[in-house]
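Summary of structural features
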Amino acid sequence: VMTEKQACLQLKADYAQGDAFVVKLNELHPQMFAPTISSFEVCPHPEDAPDSPGRQQSLVFDRAAFEKGSSYIFSFNGVLLPPSTEKGQSVVRSINKLIEQKKRVVFVTNDTTMSRVALFNKITNDYGVALMDTEHMADLRKRSSGDGCSEAEMVARCAKESIITSSCICAWLLARRGIRKPFVICYGTGLLEELEVAGITEYFATANRDGSLKREFLEPVSVDAITKVMKQAP
């Protein structure tokens, strides 16, 4: 039996040639960029009958199917538009209408500059999305009030239930792997705050706790500069 590594080594010489995978600019045709897939096939569930064919899922928006959902996930970047614009306000009204219908709303982002709490506050205060009014949040606040938690703790719990960021996923993974002293390349404080929430406080980062870049990482690359940094985090 051939292992994956052996297979890759055998393919290496073929890929090194490269000619078979090169497309010259003068050989490009508009047809290469034309959409060719109008639907995608969903594999049948294992419990379905063996002869059950895969379902064809249409890519055409189905409002009736959309409104049957109980939870809705939105990307922060690209979905929420400037709140001062009519289109931005229209988007928020549509999202708040889902919340009025007792739907759960979650926002996701790959932006690491803000923590979940910071993004939650921005979405609710600056954009006007009524995340605190969802049925899920109302139940959470009711349970949290019995714990005697502060307003800040309440917001943190609500943010944890309605915001997902790449920073919190990174912090979760590091904590799960038992990494206590990571070297963090970051911009802003979002990732640093999430690391601290996850119990990781001995990190060494390229940014200060206030979000400003450390001076040593702005210096020209040299042996002395690299040695200086390494001595800070042995």
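Up top is the structure.
Residues numbered from 1 in each chain as written. Predicted model: local features only at pLDDT ≥ 70, side-chain atom pairs only at ≥ 80, totals over all residues. Heavy atoms only, no water.

**Focus on the nonpolar core**
Note on soluble globular proteins: their nonpolar side chains tend to be buried together. Condition: Throughout, nonpolar core names a set of buried Ala, Val, Leu, Ile, Met, Phe, Trp, Tyr and Cys residues whose side chains join them through atoms within 4.5 Å. Here the term buried applies to any residue with accessible area under 20% of the maximum for its type, exposed to any over 50%, and partly exposed to those in between, with areas from a 1.4 Å probe on protein chains only. Under the DSSP-based scheme used, a helix requires at least four consecutive residues in state H or I and a strand at least two consecutive residues in state E, with every element numbered from the N terminus. The criterion used for residue contact is that any of the two residues' heavy atoms lie within 4.5 Å.
With 27 residues, the main nonpolar core has Leu 80, Ile 95, Phe 107, Ile 123 and Val 129 as its most contacted residues. If you list the elements that add at least two residues to this core, you get β3 (71–75), α4 (86–100), β4 (104–109), α5 (116–126), α6 (135–145) and α7 (151–162). When residues in this core are grouped by element, the largest group, 5 residues, is from α4. Sequence-distant contacts of Ile 95, that is, excluding residues within four places in its chain, are made with Phe 74, Val 79, Leu 80, Val 105, Phe 107 and Val 129.

**A closer look at the environment of Asn 121**
If you trace the backbone, Asn 121 turns up in helix α5. The exposure class assigned to Asn 121 is partly exposed, which follows from its relative accessible area of 28%. If sequence neighbours within four positions are ignored, Asn 121 has contacts with Asp 126 and Val 155.

**Digging into unusual backbone geometry**
The phi torsion at Lys 102 lies on the positive side, around 65°, for a residue other than glycine. Considering the arrangement of structural elements, one finds Lys 102 in the loop between α4 and β4. The exposure class of Lys 102 is exposed, given its relative accessible area of 55%.

**Details of the environment of Ser 167**
So the rule is basically this: Any pair of N or O atoms that falls within 3.5 Å is considered a polar contact. Within protein, one atom must be able to donate a hydrogen and the other to accept it, and sequence-neighbouring residues count only if both atoms are side-chain atoms.
With respect to the helices and strands, Ser 167 occurs in helix α8 (residues 166–177). For Ser 167, a relative accessible area of 1% corresponds to the buried category. Among all residues touching Ser 167, those that are not within four sequence positions of it are Thr 112, Gly 190, Leu 191 and Glu 194. One polar contact links the side chain of Ser 167 to the main-chain carbonyl oxygen of Thr 112, over a distance of 3.5 Å.

**Let's talk about the side chain of Lys 103**
Let me state the cut-off plainly: Only four residue types enter the charge count, namely Lys and Arg as positive and Asp and Glu as negative; His and the chain termini do not. By definition here, a salt bridge exists when the distance from a side-chain nitrogen of Lys or Arg to a carboxyl oxygen of Asp or Glu is within 4 Å.
Looking at the secondary structure, you find Lys 103 in the loop between α4 and β4. In this structure Lys 103 is buried but unpaired, with Glu 67 as the nearest side chain of opposite charge at 7.8 Å. Looking at Lys 103, its side chain comes within polar contact range of the main-chain oxygen of Glu 67, at 3.1 Å. Excluding residues that lie within four positions of it along the chain, Lys 103 makes contacts with Glu 67, Lys 68, Gly 69, Ser 70, Tyr 72, Leu 98 and Thr 134.

**Let's talk about α7**
Test applied: A helix is expected to span 1.5 Å multiplied by its residue count minus one. What the arc describes is the spread of directions from the helix axis to the C-beta atoms.
Its 12 residues give α7 an end-to-end C-alpha distance of 17 Å, which sits within 8% of 16 Å, the value for a rise of 1.5 Å per residue. The complete set of buried residues in α7 reads Met 154, Val 155, Cys 158, Ala 159 and Ser 162. Down the axis of α7, the smallest arc covering the buried residues is 135°, so these residues share one side. Counted as exposed and oriented over 90 degrees from the buried face of α7: Ala 152 and Lys 160. Contact partners of the buried residues in α7: β4, α5, α6 and β5 (163–165).

By themselves, these observations are geometric and do not establish any function.
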